[in-house]
Amino acid sequence: MASSLRVPVLLLAVLVLSLAMTPMALKSVKKWLRLMGELEEGNVSDEEVQYVVDFAIQEYNRANAEPNLYRVARIVRVQQQVAMGMRYYLDLEIGSTICSKDQAMEDDCPFSKTLV
């Protein structure tokens, strides 16, 4: 009985291997390997990028000793890199606001005069 299962499993393995070696499959694998680790420009309006920017400014506000909140004035550049996950490299212009840290972060909180 065990030998009767070996033949179909072996044929299935040969079929999968032959499909994986088709020119189309090889082309997509080469493209994927080329992109792996390569930095590429990110889309500023992408929802995931916006989430990362919000997270970054929240962490910045949490970590610094300033009494006032900072917020993003402008997203200068976003780059992303495919690694074990997605890595983002952000160039941001941020500025101190007149809102204190004990207040909730608001998008309309006015900037003080200092941009970082």
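Anything mentioned here points back to the structure above.
These lines cover the structure that appears in this document, whether it is placed above or below. Not measured: the values here are computed from a predicted model. (Residues numbered from 1 in each chain as written. Predicted model: local features only at pLDDT ≥ 70, side-chain atom pairs only at ≥ 80, totals over all residues. Heavy atoms only, no water.)

Quick word on the state of the cysteines
Just so we agree on the cut-off: Any two cysteine sulfur atoms lying within 2.5 Å of each other are counted as a disulfide. The helix and strand labels rest on DSSP assignments: H or I over at least four residues marks a helix, E over at least two residues marks a strand, and numbering proceeds from the N terminus. Throughout this description, buried means an accessible area under 20% of the type-specific maximum (1.4 Å probe, protein chains only), exposed means over 50%, and partly exposed covers the range between.
Tallied over the entire structure, the rule returns 1 disulfide. Here cysteine 99 pairs with cysteine 109 through a disulfide, and the sulfurs are 1.7 Å apart. As the torsion about the S-S bond is roughly 125°, the cysteine 99-cysteine 109 disulfide counts as right-handed. A residue pair is termed long-range when its members are at least 10 positions apart, and cysteine 99 in strand S3 (residues 86-100) and cysteine 109 in the loop between S3 and strand S4 (111-115) qualify at 10 residues. Residues cysteine 99 and cysteine 109 agree in their burial class; the two are buried.

Considerations on the pattern of salt bridges
Just so we agree on the cut-off: Each reported salt bridge corresponds to a side-chain nitrogen of Lys or Arg within 4 Å of a carboxyl oxygen of Asp or Glu.
For the structure shown, the criterion picks out 3 salt bridges. Across the pair arginine 62 and glutamate 59 runs a salt bridge, and its minimum N-O distance is 2.6 Å. Of this pair, arginine 62 and glutamate 59 both sit in helix H3 (residues 47-63), 3 residues apart, which is roughly one turn of the helix. Residue classification places arginine 62 among the exposed residues on the basis of a relative accessible area of 60%. Its relative accessible area of 28% is what places glutamate 59 among the partly exposed residues.

As for the environment of tyrosine 60
Cut-off, in case you're wondering: Whether two residues touch is decided by their heavy atoms; if any such pair falls within 4.5 Å, the residues are in contact.
Summarising the element assignment, tyrosine 60 is placed in helix H3. Once the C-alpha coordinates of tyrosine 60 and arginine 71 are considered, the two residues, 11 residues apart in sequence, prove to be 9.3 Å apart. Once residues within four sequence positions are removed from consideration, tyrosine 60 is found in contact with Tyr70 and Ile94.

A closer look at the pairing of S3
The condition that has to hold: Pairing between two strands is assigned when DSSP locates at least 2 bridges connecting them.
Where strand S2 (residues 68-82) lies against S3, 12 bridges are found, and the strand directions are antiparallel. If you follow arginine 77 over to S3, its bridge partner there is aspartate 91. Here S2 folds back onto S3, and the loop between the two strands holds 3 residues.

With respect to the packing of aromatic side chains
Where we set the bar: Only the six-membered ring of Trp is used, alongside the rings of Phe and Tyr, when aromatic pairs are assigned; centres must lie within 6.5 Å, and planes under 30 degrees apart are stacked while those over 60 apart are edge-to-face, with the rest tilted.
With the rule as written, the count across this model stands at 1 aromatic pair. When the ring of tyrosine 60 is compared with that of tyrosine 70, the centres are 5.3 Å apart and the planes differ by 80°; the resulting orientation is edge-to-face. Here the residue tyrosine 60 occupies a position in helix H3, and tyrosine 70 occupies one in strand S2, the gap between them amounting to 10 residues. The class for tyrosine 60 is partly exposed, based on a relative accessible area of 33%.

Digging into the side chain of glutamine 80
Tracing the backbone shows glutamine 80 in strand S2. Judged by relative accessible area, glutamine 80 falls into the buried class, the value being 13%. In this structure, glutamine 80 is in contact with Glu38, Leu39, Glu40, Gly42, Val49, Met86, Arg87 and Tyr88, ignoring residues within four places of it in sequence.

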